[in-house]
Structure formats: C-alpha cells, structure tokens
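Letter by letter, the chains look like this.
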Amino acid sequence: MTSIMTTSKPITPTRTPSAPGAAQVSLRGVDKEFIRPGRSGETVHALGPIDLDLRRGEFFAVVGPSGCGKSTLLELVAGLSTATRGDVTFEGKPIHNRIPDGVGVVFQEDASFPWLSVRENIAFGLRRIKIDPKERERRIENALAMMGLTSFAHSFPAQLSGGMRQRVCIARTLVTEPRLILLDEPFGALDQQTRLLMGDEVLNLWRKTGATVFLITHALDEAAMLADRIGVMSARPGRLIDIVETGWPRDRDSRIVQEEAFGAITARLWRSLRAESMKAIGKPEVEP
Amino acid sequence: MNATSSGGSNAGWFSALKLIALLLVLWQALAWMVGDVAMRTPLQTMTFTANLLTSPSFWPHLAETGRAFGLALLLAVVIGLAIGFLLGINRFASDVLEPVLVALYSIPKITLYPILLLMFGLGVAAKVAFGTIHGVIPIALFTLAAVRNVRPVFVKTGRVMGLGTGRMISGILLPAAMPEIFTGLRVGFSLTLIGTLLGEMFASQRGLGFMLMNAIGLHNVDVIMALTFLLVLFAGSASGLLLFLNRRLYQRA
Amino acid sequence: MTPKKRAALWRIALLVGAVGGLEILCLSGHIDRLTMQPPHRIVMDLVALLAGGELNGAIAKTLRNAALAFVIAMVAGVSFAVLLHYLRSLRDMLDPVFATYYAIPMFAFYPLLIVLFGLGDTPQIFIGAMLAVVAVIVNTLNGLDRIPRVLLKTARVNQLSAWDTARLVMLPCAAPHILTGAKLAVAYSLIGIIGAEFIMSTGGMGYEISFAYMNFDNAKMYPLILLILLVSIAINTLLAKWEKILMARRGLS
C-alpha cells in the first residue's frame, strides 16, 4: 500500500548472500520439552535440537507443518519461555525468561487493548522505555504515520478492521525502535489480499528501520515473498531440515510473486515440507 | 476446569473432602475463640441437631418449609422457563421486557416483604410468593440468554425440516440451550430457597425460617447453630449435586 | 423509528399502564387502603417525608452503611478474585462454596456478629459486605477467565510487573464483568443492611419500615420502600450506562 517499487530492473534471484553482519541472535543446541498437562505427566519433546544464527538486518522466515513448534521457537527468542537445554543469546547476552530490550513481538491474535484508543495502545509500548515527552510524542506520531493510522489515532480498536488492528500492534512495537522484530504469524487471521498488502508494509518498515525480522508463518508463499532466508522445520520435535536463500533484492515487494524464481522457491519449500506435513496430519510418509 | 472435571471425579471428591475438613477446622477454631455466648463447636452442634431431628415438634416446621419451598420452586421454574422461552424466541418482546427483568433482578427484594404480607396475609401464600419472586427472574434471564444464544444454524435446520413452534422448542431449542438453562435453574434453586426462608423469617409463624427468627429473638444459640447447620448441609449437598450435573451437561455440549 | 426506540416506547407504555392500573384499582377500592396506598399518594408521601426530614437520619444511616458495605465488598472481592485466579487449587476447592453461598441464610449469623462486634453498625455492614462480596468475586473471576492469553503475553513482552499487569491489563479487560458484579453488589449490600435492620436494630430504613408495618402506618412504609427501590434502580442504571459505554467501545452491544 505504501511501498512502490522504485527500481525497474528485473528481479532475479541471485546467490549473493545478504550483508554478512555478525550473528545478532544465536541458538545453540536448543531443545524444548514440556510436560503434558493432566495426570499422565508424560514429557513431550516439542523442539530441537536447533542451531541457528540470525544475521543483523536480515529477514528470516520459518515455515513448518502445524504443531512443529514454530511458535515455541519464537517464544524462546522472545523470552516468553525457557529452553530445556541449550543457549539462546541476543547480541551476545543470554535470554533469561525475559524479553531483552531492543526486541519487539507481534502475535497472530489481535493483541490490541480494546479499552485503549489507538494512540494509547501505541503509547503503551513506550511504558518500559525512559524518554522525554518530546521524543515520546515524536515516536508515537512517527509510528502512527508509518502504519497509516494518523487519522485513526483517537478511534478504538473495535472500530477498525482486523488488518488495521494488526497495524496498531505493529506500531506499538515500532515505537520501541526495536533492533529485532519477532512476528508470530501476524497475518494468519487476515484475508489473502490484505496479507499481501501487509507483507509490503512489513518489507517497507524492515527497510526503513533496518531491524532484523524473524517471521513465523505457515504460508509458504508469504515466506518466499518476504524473506532473505527461510528455515524449514520438521514435524515434532521441530528441527531445521533446510535453509533456503531466496536472493531477493532489498527493495522487493509483493509483485515478486509473478517471478519465475518465486515459483521455484515455493516448490523447493514444499518439497522439503510435504512429507513433514503428512506426518503432522497423521498420515504415513508418502514418497513424492 | 478440564483438568479437574475430566481428570476424574477422584480429584473432585478429594477437593470436596479438603474443603469440608477446612470448614470444620475453621468452625472449631472460631467456636473456641468466640466462646459459648454466641457459638457452638461442630460436635455440640451435631449432637443438638440429632436431638432436634428426633423431637416431634421439629418435623411440622420442616414439612412446612419443604412444602413451601417445593411449591415456590415449581412456580419459579414453570413461570421462569415460560418467560425465558417466550422472550427468547421473540426478539421484540425481549427488547421490551428484558431491561425490566434485569431491573427487577437487581432490586433488594427483601424490602417488599411487608407488601407481600399485606397482600397474602401471614401464611404459606406469602412465603411461597417470596420464594418465587426470588427464583423466577434468574431462571427467566438465564433461559432467555440460553435460547437466544442457540446457534442460528440449528434453528435454520429446524426450519428446513418444517418443525412447528412446539417441536422447535422441544427438539432443538431446549436440548441446545440445556446447559445454560440448567445454570439458571441452579441459581434459581438457591435463590428460591433463600427467598422462602427469608419469607418465613419475616412473614410467617411456622417453618424453619420462623424457628430461626424465633431463636435469634430468644438468643437460643443451640437452635440457631443447629438450623443453620441443617440448612447449609441441605443447600450445600443440593447445589453440589446440581453443579455436578451442570458440569456434565457442559461437557457434553 | 429504530426497533430499539420502539421497544423503549413500548416498555414505558407498559410501565405507565401498570402503574395506572394499580392507581385505578386502588382508587376504585379493589385494593383497600390498608393494603396499599394509590401510587400517586405514595409519591406525595415520599416527598412530604423527605421534606419533613424526620427520617433523614434513618435514611442517611442505611445508605451510608450500604455504601460502606459495597465499597468493602468491591475492594475485597476484586482483590480476592485476582488472588484466586492465580491459586487454581484453592479456587477449585472454593467453587462449591460460591455455588451454595446464596442459598445460605446469612442472617442466621447476625446474632454471632452482634456478639463479636457489638450492637452497632458494624455487624450490619459486615453482613452487607459478606452478602455482596461473593457476587463480586464470581463475576470478577468470570471476567479474568476471559482475558485473551495474547494480552497477557503482550504484558510480558512489555515487561510489566505483576502489579502493573493486574492494574493495566487484567482489571481493565475484565471491567465489564466487574461492573456486572458491582450491580449485584449494590443490591446485596442493601439487602444485608436492611435485612439486618429488620431483624434487630434501633434505627435505619429497615427498622422504620417494619415499625411502620406493625403500626399500620402505610403513609410511612410505602414511601420508604419506594425510596429504597428508587435508590437501587438509580445506582444500577448508572452502572449499566457505564457498562454500556465500555461495551460499545469494544464493539459489543
């Protein structure tokens, strides 16, 4: 909606790796087990072992069959849950069951507070940050403008569409000026057209903020369109079975879905995933 | 909820036993602290209750209360369900009357007892009326909400099958709305009981409520404790049973 | 005209009709004067009573005590509900108590409370608060149960302390349900105070009503009853308005 392609050169996937920044997030030998609720008390191995480095400034997407622990992976990085084994670090510091400063999260479900106006919702994100009132105003106005919410500042979330509410949540994260943005299926509840447009907006703000983006999604096309690199997860216990480099230029937008390479990437993702998805829905493995 | 209800009734029983033990310990401790002037220990109370239950003068009072409560409950359930269904299937009628019911639900009905006394006189009619007005409104309101919340596709299904109003209520609306209606009946049961007892306390010369009021006036601690114990026992086991049935209904739904 | 407006007009018409019918029945002598005064008479008596000022002390006493009981019940009830929300096992244990609570004649404990606190206002306020608190707890818990998990995750992501999470996320989110509890608490505080005044007291509206009843003083009894009903309906209407604003803000009607 806001992003318009500025370059006329044809987009072709190149194999040049994205800017080789230092690892901003690093997972080493990470496992997650939990105890199934109820009296049986059996242990479920949800995830891992996983080794993964996120480069500073890259757009990394994770796809996987349902129930493979994608969201658990994000919660580990967000400090919303703790790994059973292994280390998760952000900018060299371990994450201890608490979200580090400089990390923002947007969830799949509508997380806007229905009792606060759009503006108050966005200001809520600044509660944990000590800044002077002027800077505060600047950041709120900036986030409102960036997400196209300026004229809705005094509306309540219930007066907005699902896509607009999700923008409120993104704006609430943006005001903290995060260096890493975690997106947990943020467009899962939206219709296909809105998702494509929201994808453009995410790409746009990824470029503008220079933040690293870590996206969890079940939609292969979404991952293929948005990410620099895509991690493919196995069925439970989720492990990374493939990492695909898309090689898209930085100023891409949703129109790359017409590219031949886009089809090639989704096809490769689906090749890796098909057997795993079969397992996830309880069918025996089938050779493609 | 799931862990306790589907985790078997063992956990439920254990929890209930713990609760009873806790209440008894608290009761005993309070009785020691307060002393003989105002309280009896659990053991003393139970002994006196046993005596009360064997004394012939007690039974007519119990029978009187039982009859009044039974009648009040019957009236509350029948009228409550009727109002609930009527307003539940008629949108306009419920738009008109639901706010009235809500307002009636929230007035302190205890203040109305002198009016009921003047209307019905000092007898069984007044306390039945008192019990009924306490119980009927929650039953009506819960039923109304339950019927209105029935998934529209069920009603549509009934329509395409050509069901009439009667078959629609008995075949679709009642079963679909049953869990919520039962919650209303449970609340209505409690409130009808308290209403009947309050009616007896203020507006009667017979029944357990009257005995209780009399004992309060005479400061007869033994009788107060024994009657309260009996009533709590009855109300507790009845509503425990209803709660159990209610949860089973919700599980099925 | 919108259906809502039409319903409101019908409702007003019905209420006017009911009062008018009562007026006619009273004036024509079908309801004799010893049973009930005609409605216009009650209103005039009320105005005269308030202007005369002889019962202002009693009215102030009852309303003050009810307000105190209400505030205590709200603060204690909401805090206890938040606590129970975290203590799952305690809550499972207490669930049957809440389900039975309103079937128990709380007034049976009034003599005990008088021994404990003396024959002042304290035992009355205690009874009022005891009656109201469970309605607040149950409804607050109901609201807390419905908080979407993602909002609590958002609180954690924003590094809120437990106190701030309760204050800024949980309670605002549960506010409509807490208001429902508050509406019931208004009625129960009044019931507690007035019931206790009926039973044993030296003043207050409940005492005046039962005194007037015994002396066939309908010119005093009916206006006082009307006043209590008006006060409780007025407070409830205000709370309902507030609730409506909150719900509308959330896109629920």
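Residues numbered from 1 in each chain as written. Chains lettered and ligands numbered in written order. Predicted model: local features only at pLDDT ≥ 70, side-chain atom pairs only at ≥ 80, totals over all residues. Heavy atoms only, no water.

- Per an unreviewed UniProt entry, chain A carries the name Nitrate ABC transporter ATPase and comes from Skermanella stibiiresistens SB22.
- Heading Sequence similarities (unreviewed entry) of the UniProt record for chain A holds this comment: "Belongs to the ABC transporter superfamily." (UniProt positions renumbered as here; feature names shortened; annotations may be inferred.)

## Considering the overall build of chain B
Then step 1. Helix and strand content of chain B: 11 helices and 0 strands.
Then step 2. In chain B, the succession of α and β elements from N to C terminus is α-α-α-α-α-α-α-α-α-α-α.
Then step 3. Reported as C-alpha extents along the three principal axes, the dimensions of chain B are approximately 70 × 50 × 30 Å.
Then step 4. Residues classed as buried in chain B amount to 47% of the 253 residues present.
Then step 5. Contacts in chain B between residues at least 24 apart in sequence constitute 74% of all its contacts with a sequence separation of at least 6.
Then step 6. Within the structure as shown, chain B displays about 12,200 Å² of accessible surface, and the carbon and sulfur contribution to it stands at 71%.
Then step 7. Charge-centre separation for chain B: the mean point of 16 positive side chains lies 14 Å from the mean point of 7 negative side chains. (Helix = DSSP H or I, 4+ residues; strand = E, 2+ residues; numbered from the N terminus. Buried < 20%, exposed > 50% of the residue type's maximum accessible area, 1.4 Å probe, protein only. Contact = heavy atoms within 4.5 Å. Areas by Shrake-Rupley, 256 points an atom, 1.4 Å probe, with all protein chains shown as cover. Lys, Arg positive; Asp, Glu negative; His and termini not counted. Charge placed at Lys NZ, Arg CZ, Asp CG, Glu CD.)

## Topic: the interface of chain C and chain B
Then step 1. Each side of the interface is counted separately: chain C has 50 residues, and chain B has 51 residues.
Then step 2. Of the roughly 4,400 Å² buried between chain C and chain B, counting both surfaces, carbon and sulfur atoms make up 79%.
Then step 3. Contact with chain B buries surface across chain C, with Met-93, Pro-105 and Tyr-213 of chain C losing the most and accounting together for 13% of the total.
Then step 4. The interface formed by chain C and chain B includes 1 salt bridge. (Buried area = accessible area lost by both parts, 1.4 Å probe. Salt bridge = Lys/Arg side-chain N within 4 Å of Asp/Glu carboxyl O.)

## Here we look at the domain arrangement of chain B
Residues and elements named next belong to chain B.
Then step 1. If you check the domain split of chain B, you get domain 1 (10–34 + 41–50) and domain 2 (59–252).
Then step 2. On a C-alpha basis, the centres of domain 1 and domain 2 stand 28 Å from each other.
Then step 3. Contacts between the two partners involve 5 residues from domain 1 and, on the opposite side, 6 residues from domain 2.
Then step 4. In total, about 540 Å² of surface goes out of reach between domain 1 and domain 2, with carbon and sulfur atoms giving 86% of it.
Then step 5. Run the count over domain 1 and domain 2 and you get 0 salt bridges.
Then step 6. Viewed at the interface, domain 2 and domain 1 are joined by 0 residue pairs in polar contact (both at pLDDT 80 or more).
Then step 7. For the side of domain 1 that touches domain 2, the element with the highest residue contribution is helix α3 (residues 42–54), accounting for 4 residues.
Then step 8. Here the residues of the side of domain 1 that touches domain 2 sort into 3 nonpolar, 2 polar and no charged. (Domains from an automatic or database assignment. Polar contact = N/O pair within 3.5 Å; in protein donor to acceptor, adjacent residues only side chain to side chain. Nonpolar A, V, L, I, M, F, W, Y, C, P; charged D, E, K, R; others polar.)

## Some points on the nonpolar core
Then step 1. Core analysis: the largest hydrophobic core is formed by 204 residues, its most contacted members being Ile-122 and Phe-214 of chain A.
Then step 2. No other element matches the 20 residues that helix α8 (residues 162–199) of chain C contributes to this core.
Then step 3. Among residues more than four places away in sequence, those in contact with Phe-214 of chain A are Leu-52, Leu-54, Phe-60, Val-62, Leu-73, Leu-74, Leu-180, Ile-181, Leu-182 and Leu-183 of chain A. (Core = buried A, V, L, I, M, F, W, Y, C linked by side-chain atoms within 4.5 Å.)

## Thoughts on the environment of Val-47 of chain C
Then step 1. Note that Val-47 of chain C resides in helix α2 (residues 39–52).
Then step 2. Using a relative accessible area of 53% as the deciding quantity, one classes Val-47 of chain C as exposed.

## Considerations on the pattern of salt bridges
Then step 1. Counted under the stated rule, the structure contains 35 salt bridges over all chains.
Then step 2. Residue Glu-137 of chain A is joined to Arg-119 of chain A by a salt bridge in which the shortest nitrogen-to-oxygen separation is 2.5 Å. Here Arg-119 of chain A lies in helix α2 (residues 118–124) and Glu-137 of chain A lies in helix α3 (residues 133–146), a separation of 18 residues in the sequence.
Then step 3. On the basis of relative accessible area, Glu-137 of chain A is assigned to the partly exposed category, the value being 37%.
Then step 4. Among the salt bridges present, the one from Arg-247 of chain B reaches Asp-95 of chain C, with a minimum N-O distance of 3.3 Å. Residue Arg-247 of chain B is found in helix α11 (residues 221–252), and its partner Asp-95 of chain C is found in helix α4 (residues 88–101); the two belong to separate chains.

## Remarks on the domain arrangement of chain A
Residue and element names in this part refer to chain A.
Then step 1. Parsing chain A into structural domains produces domain 1 (23–102 + 178–280) and domain 2 (112–177).
Then step 2. Distance from the C-alpha centre of domain 1 to the C-alpha centre of domain 2: 25 Å.
Then step 3. If you look at the interface, domain 1 gives 15 residues, while domain 2 gives 12 residues.
Then step 4. Joining domain 1 to domain 2, the criterion identifies 1 salt bridge.
Then step 5. Where Arg-167 meets Glu-201, a salt bridge forms, and the shortest distance between an N and an O atom there is 3.2 Å.
Then step 6. Remark: the boundary between domain 1 and domain 2 carries 2 residue pairs in polar contact (both at pLDDT 80 or more).
Then step 7. With 6 residues, helix α5 (residues 192–209) is the single largest residue contributor to the side of domain 1 that touches domain 2.

## A short note on the sheet that holds strand β1 (residues 23–35) of chain A
All names here are of chain A.
Then step 1. The 4 strands are arranged β2-β1-β4-β5 in an open sheet whose pairing can be described as antiparallel. In the strand order of this sheet, the two ends are held by β2 (43–55) and β5 (93–94), each with one partner.
Then step 2. Note: β1 against strand β4 (residues 85–90), 5 bridges, orientation antiparallel. Within β4, the residue paired with Leu-27 across the bridge is Val-88. (Pairing = 2+ DSSP bridges.)

## Quick look at the packing of aromatic side chains
Residue and element names in this part refer to chain C.
Then step 1. Enumeration according to the criterion identifies 16 aromatic pairs over all chains in this entry.
Then step 2. Taken together, a centroid distance of 4.4 Å and an interplanar angle of 15 degrees make the contact between Tyr-102 and Tyr-188 stacked. A residue pair is termed long-range when its members are at least 10 positions apart, and Tyr-102 in the loop between α4 and α5 (110–117) and Tyr-188 in helix α8 qualify at 86 residues.
Then step 3. By relative accessible area, which is 14% here, Tyr-102 ends up buried.
Then step 4. With centroids separated by 5.9 Å and ring planes inclined at 25 degrees, the aromatic side chains of Tyr-207 and Phe-211 adopt a geometry described as stacked. (Phe/Tyr/Trp six-rings, centres within 6.5 Å; stacked < 30°, edge-to-face > 60°.)

## Thoughts on the environment of Leu-24 of chain B
Residues and elements named next belong to chain B.
Then step 1. Following the sequence through the fold, Leu-24 ends up in helix α2 (residues 9–34).
Then step 2. Taking the C-alpha atoms as reference, Leu-24 lies 44 Å from Gly-88; in sequence the two are 64 residues apart.
Then step 3. Setting aside chain neighbours within four positions, we find Leu-24 in contact with Pro-42 and Met-46.

## Concerning helix α1 (residues 70–78) of chain A
All names here are of chain A.
Then step 1. The element α1 is largely enclosed, with a buried count of 7 among its 9 residues.
Then step 2. Considered for burial, the residues of α1 that qualify are Lys-70, Leu-73, Leu-74, Glu-75, Leu-76, Val-77 and Ala-78.
Then step 3. Two residues or fewer past α1, Gly-79 is found with a positive phi of approximately 75 degrees.

## Comments concerning the sheet that holds strand β10 (residues 240–245) of chain A
Residues and elements named next belong to chain A.
Then step 1. Ordered in space as β6-β7-β8-β3-β9-β10, the 6 strands form an open sheet in which the pairing is mixed. Sheet topology places β6 (103–106) and β10 at the edges, where each strand pairs with a single neighbour. Across this sheet, the average inter-strand angle for adjacent strands is 15 degrees, counted without regard to direction.
Then step 2. Looking at chain direction, strand β9 (residues 229–233) and β10 are connected through 5 bridges and run antiparallel. Residue pairing across strands places Ile-230 opposite Val-244, the latter belonging to β10.
Then step 3. In the packing of α1 onto the sheet, the strands contacted are β3 (59–63), β6, β7 (180–184), β8 (212–217) and β9, and the crossing angle to β7 comes to about 150 degrees. (Axes fitted to C-alpha atoms, helices over the stretch in contact; angles between N-to-C directions.)

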